[in-house]
Amino acid sequence: MLGLKLPTDPRWVNIVEKNIEEILTDHAYCEQKAASTAISLIIGFPEKSELVKEMTALAREEMGHFNMVHDKIINRGWVLGRERKDEYVIELMKFFPKGGSRETHLVHKLLYAALIEARSCERFRLLSEEIDDEELSEFYRNLMVSEANHYTMFLKFARKYGKKEEVDKKWEELLEYEAQLMKDLGKKETMHG
Ligand SMILES: [Fe+2]
Ligand SMILES: [Fe+2]
């Protein structure tokens, strides 16, 4: 599914279910970071008009998701906590060497974004299928569809702005690296943990 090389251990859902407040808090910030990434792509590559248009729509959509998660937190009588660090994303972003041309930098940013969307989509699917909470199950089923579209959009842009064969090779290597990271994850009540 989604090209991912290693599926999440379904037992991760049992960990998540014990702490819904924590997963919703972490999830809210995943949406905020997705919006921030879209905005940073606009700032970094303003001459790519198609990208700017799509990132404008995406930033809005991701903040819409943030708002939906925030409502879930409020409706359950909680208050949004402080931002959680995303160790998965921090480790993932160590993969491509720093430096290189602007175009290379863009391709790397797009591939990271594609992968984060793909893994989020996989996690949402797992939650929608396994979580006992019916309201959240439906919520995650709907979100899963949006994230799958985001994954294909980022990959499409990476192939558009980079050399296709090179991009495909980098994508394969990144997927392998991510699968290695995943071996130690799936043990925490965070969206990518
Ligand atoms: Fe989202
Ligand atoms: Fe997304």
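- By the naming in an unreviewed UniProt entry, the chain goes by tRNA-(Ms[2]io[6]A)-hydroxylase and is assigned to Flagellimonas lutimaris.

**Points about the overall build of the chain**
- Looking only at helices and strands, the chain features seven helices and zero strands.
- In the chain, the order of α-helices and β-strands from amino to carboxyl end is α-α-α-α-α-α-α.
- Here the C-alpha atoms of the chain give a radius of gyration of 16 Å, agreeing with the 16 Å that 2.2 N^0.38 yields for 193 residues.
- Considering only C-alpha atoms, the chain reaches an extent of 45 × 30 × 25 Å along its principal axes.
- For the chain, the proportion of its 193 residues judged to be buried stands at 46%.
- Long-range contacts, defined as pairs at least 24 residues apart, comprise 82% of the intrachain contacts of the chain with a sequence gap of at least 6.
- When the accessible surface of the chain is totalled, it reaches about 9800 Å², and 54% of it is carbon and sulfur.
- Between the centroid of the 30 positive side chains of the chain and the centroid of its 36 negative side chains there is a distance of 5 Å.

**Focus: the layout of surface pockets**
- Size it by volume and the largest pocket reaches roughly 590 Å³.
- Along its surface, the largest pocket is lined by 31 residues, and Thr-37, Val-89, Met-93, Ala-113 and Ile-116 are the ones closest to its centre.
- Elements represented by at least two residues in the lining of the largest pocket include exactly α2 (20-44), α3 (49-75), α5 (102-130) and α6 (134-161).
- Each residue belonging to the lining of the largest pocket can be placed in one class, and the counts come to 14 nonpolar, nine polar and eight charged.
- Size it by volume and the second largest pocket reaches roughly 190 Å³.
- Lining the second largest pocket are 16 residues, with Lys-85, Glu-87, Lys-188, Thr-190 and Gly-193 sitting closest to its centre.

**Remarks on the pattern of salt bridges**
- Going through the model one piece at a time under the given rule, you end up with 21 salt bridges.
- Between Lys-5 and Glu-172 there is a salt bridge whose closest N-O contact spans 2.9 Å. One end of the pair, Lys-5, is in the segment before α1 (12-17); the other, Glu-172, is in helix α7 (residues 164-182), and 167 residues separate them in sequence.
- Classification of Lys-5 by relative accessible area gives partly exposed; the value is 36%.
- Of the charged contacts, one joins Lys-156 and Glu-54 as a salt bridge, the two residues approaching to 3.9 Å between their closest N and O atoms. Of this pair, Lys-156 sits in helix α6 while Glu-54 sits in helix α3, and the two are 102 residues apart along the sequence.
- Taken together, the shared-partner salt bridges connect Glu-47, Lys-48, Arg-102 and Glu-103 into one network.

**Brief notes about the packing of aromatic side chains**
- Going through the model one piece at a time under the given rule, you end up with seven aromatic pairs.
- Aromatic side chains Phe-95 and Phe-96 sit 5.0 Å apart centroid to centroid with 65 degrees between the ring planes, which places their arrangement in the edge-to-face category.
- Taken together, a centroid distance of 4.8 Å and an interplanar angle of 35 degrees make the contact between Phe-95 and Tyr-177 tilted. Linking Phe-95 in the loop between α4 (87-92) and α5 with Tyr-177 in helix α7, this pair joins segments that are 82 residues apart in sequence.
- Of note, Lys-156 hangs over the ring of Phe-157, and the distance from its end group to the ring centre comes to 4.6 Å.

Parameters and conventions
Residues numbered from 1 in each chain as written. Chains lettered and ligands numbered in written order. Predicted model: local features only at pLDDT ≥ 70, side-chain atom pairs only at ≥ 80, totals over all residues. Heavy atoms only, no water. Helix = DSSP H or I, 4+ residues; strand = E, 2+ residues; numbered from the N terminus. Rg over C-alpha atoms; globule rule 2.2 N^0.38 Å. Buried < 20%, exposed > 50% of the residue type's maximum accessible area, 1.4 Å probe, protein only. Contact = heavy atoms within 4.5 Å. Areas by Shrake-Rupley, 256 points an atom, 1.4 Å probe, with all protein chains shown as cover. Lys, Arg positive; Asp, Glu negative; His and termini not counted. Charge placed at Lys NZ, Arg CZ, Asp CG, Glu CD. 1 Å grid on protein atoms, 1.4 Å probe; cavity = no way out; pocket = protein on both sides within 12 Å on 5 of 7 lines; lining within 4 Å. Points joined across faces, edges and corners; volume = space filled by probe spheres on them. Nonpolar A, V, L, I, M, F, W, Y, C, P; charged D, E, K, R; others polar. Salt bridge = Lys/Arg side-chain N within 4 Å of Asp/Glu carboxyl O. Phe/Tyr/Trp six-rings, centres within 6.5 Å; stacked < 30°, edge-to-face > 60°. Lys NZ or Arg CZ within 6 Å of the ring centre and 35° of its normal.

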